Amino acid sequence: MTLTTAEADKVLADHFAPWVQALGLSTAETGERHAVLRLPWSDRLAREGGALSGQALMAAADTACVIAVASARGGFGPMTTVQQSTSFQRAVLDRDVLVHARITKLGRRIAFLDVVLAPEGAEDPAAHATAVYALG
């Protein structure tokens, strides 16, 4: 049983540090092996030059992975990020970002995910990440 978007938003509110919650992430979609989060544009998340900071994008990718795994498992459970690799492909200026996390393998103790971060309405991604999680 997958999480609803409302249940996923409750996971965001109940299980993430205040600084992650301050990103303003919300759940746009959940499924058996994926989740899509929205990272709203904010000047506070921009770096010099006006582009969205890489740190915000990486945190959003990590958070989307947790929601995808929680959705696949039917609820939140202990998990730890083991590895995350992010490649930045272009700047994001004045646009929300949709963070698509897709599980490529889900075992009993480990999960592998692929994440595409794209400005809303854009065809090309701004960043791509891969992640590995240890599951409790």
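This one's a predicted model, so the numbers in the text were calculated from it and none came from an experiment. In this convention, every chain numbers its residues from 1, walking through the sequence in written order. Owing to the predicted nature of the model, reporting of local features is limited to residues with pLDDT of at least 70; listing and counting of side-chain atom pairs is limited to 80 or more, with chain, interface and lining totals taken over all residues. Think of the side-chain values as coming from all heavy atoms in the structure, minus any hydrogens and water.

### Observations concerning the overall build of the protein
Starting at the N terminus, helices and strands are each numbered in turn, a helix being any DSSP run of H or I of at least four residues and a strand any DSSP run of E of at least two. The helix and strand tally for the protein stands at 3 helices and 6 strands. Reading the helices (α) and strands (β) of the protein from amino to carboxyl end gives α-α-β-β-α-β-β-β-β. The principal-axis extents of the C-alpha atoms in the protein amount to approximately 45 × 25 × 25 Å. Within the span of the protein, comprising 136 residues, buried residues form 43% of the whole. Accessible surface area values rest on a Shrake-Rupley calculation with a 1.4 Å probe, where residue burial reflects the displayed protein chains alone. When the accessible surface of the protein is split by element, carbon and sulfur atoms take 51% of a total near 6900 Å². Here's how the labels work: a residue is buried when its accessible area is under 20% of the maximum for its type, exposed when over 50%, partly exposed in between, all with a 1.4 Å probe on protein chains only.

### Here we look at the pattern of salt bridges
Here a salt bridge means any side-chain nitrogen of Lys or Arg lying within 4 Å of a carboxyl oxygen belonging to Asp or Glu. Applying the stated rule across the entire model yields 4 salt bridges. Its salt-bridge partner being Glu120, residue Arg38 comes within 2.9 Å of it at the nearest N-O pair. On the criterion of sequence distance, the pair formed by Arg38 in strand 2 (residues 34-39) and Glu120 in the loop between strand 5 (110-119) and strand 6 (127-135) is long-range, its members being 82 residues apart. By relative accessible area, which is 23% here, Arg38 ends up partly exposed. Between Asp114 and Arg102 there is a salt bridge, with the nearest N and O atoms lying 3.9 Å from each other. Linking Asp114 in strand 5 with Arg102 in strand 4 (residues 97-106), this pair joins segments that are 12 residues apart in sequence. For Asp114, a relative accessible area of 18% corresponds to the buried category. Classification of Arg102 as partly exposed rests on a relative accessible area of 44%. If you follow the salt bridges from partner to partner, you end up with Arg38, Asp96 and Glu120 in one network.

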